[in-house]
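# Coordinate analysis (summary)
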Amino acid sequence: MNSLHQPSAPPPPPTSASAPANSAWILWLLVMALFSTLVAACVGFLKVLDGTSASGALLAAGAAFGGTAVLCLAVVPAVQQLRKRG
């Protein structure tokens, strides 16, 4: 019997220790979204108390949500770079 021995597939590259696991990353995304929602709700509430129209308050809340979410997402690579240096 002639059987050809086929080489096995190469092993996957090792994952970096600083990269968070998928479940941890999903949890952090959820925390970032909830924090951004809290900031947006506070801004919207303060704008309504100030006498701004509903559309103006909604626009300000949306901008606050977007800004907070971008800042939260920008912090992750910055912290990873600081950990690599330290």
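Only a predicted model underlies this, so the values are computations on that prediction, with no experimental measurement involved.

Helices and strands together make up the secondary structure of the protein, namely two helices and zero strands. Split into buried and exposed, the 86 residues of the protein put 12% on the buried side. Approximately 7,200 Å² of the protein is accessible, and the part contributed by carbon and sulfur atoms is 71%.

To continue, consider helix α2 (residues 54–85). With 32 residues, α2 should cover 46 Å at 1.5 Å per step; its first-to-last C-alpha distance of 47 Å lies within 8% of that length. Those residues of α2 that sit buried are A57, A61, A64, T68, C72 and V76. Looking at the buried side of α2, the elements it contacts are α1 (22–49).

For any two helices packed against each other, the geometry comes down to the angle between their axes and how far apart the axes lie. At their nearest, the axes of α1 and α2 sit 8 Å apart, and the two run at 150° to each other. Taken together, α1 and α2 sit at an angle that is classed as roughly antiparallel. By crossing handedness, the relation of α1 to α2 is classed as right-handed. Grouping the amino acids of the contact of α1 with α2 by side-chain chemistry returns 18 nonpolar, four polar and one charged.

Between its first and last C-alpha atoms α1 spans 41 Å; for 28 residues at 1.5 Å apiece the expected length is 40 Å, and the two agree. Those residues of α1 not exposed but buried are M32, S36, A40 and G44. Just downstream of α1, G51 is the residue with a positive phi angle, here 100°.

Further remarks concern the environment of C42. Within the secondary structure, C42 sits in helix α1. Judged by its relative accessible area of 42%, C42 falls in the partly exposed class. Between the alpha carbons of C42 and A61 there is a distance of 7.9 Å; along the sequence they are 19 residues apart.

Let's shift gears to the side chain of T68. Mapped onto the fold, T68 is located in helix α2. Residue T68 is classed as buried on the basis of its relative accessible area, which comes to 12%. With sequence-adjacent residues up to four places away left out, T68 is seen in contact with F35, S36 and V39.

Thresholds applied
- Residues numbered from 1 in each chain as written.
- Predicted model: local features only at pLDDT ≥ 70, side-chain atom pairs only at ≥ 80, totals over all residues.
- Heavy atoms only, no water.
- Helix = DSSP H or I, 4+ residues; strand = E, 2+ residues; numbered from the N terminus.
- Buried < 20%, exposed > 50% of the residue type's maximum accessible area, 1.4 Å probe, protein only.
- Areas by Shrake-Rupley, 256 points an atom, 1.4 Å probe, with all protein chains shown as cover.
- Expected span 1.5 Å × (residues − 1).
- Contact = heavy atoms within 4.5 Å.
- Axes fitted to C-alpha atoms, helices over the stretch in contact; angles between N-to-C directions.
- Parallel < 35°, antiparallel > 145°, perpendicular 65-115°, else oblique.
- Left-handed = near helix turned anticlockwise from the far one by under 90°.
- Nonpolar A, V, L, I, M, F, W, Y, C, P; charged D, E, K, R; others polar.

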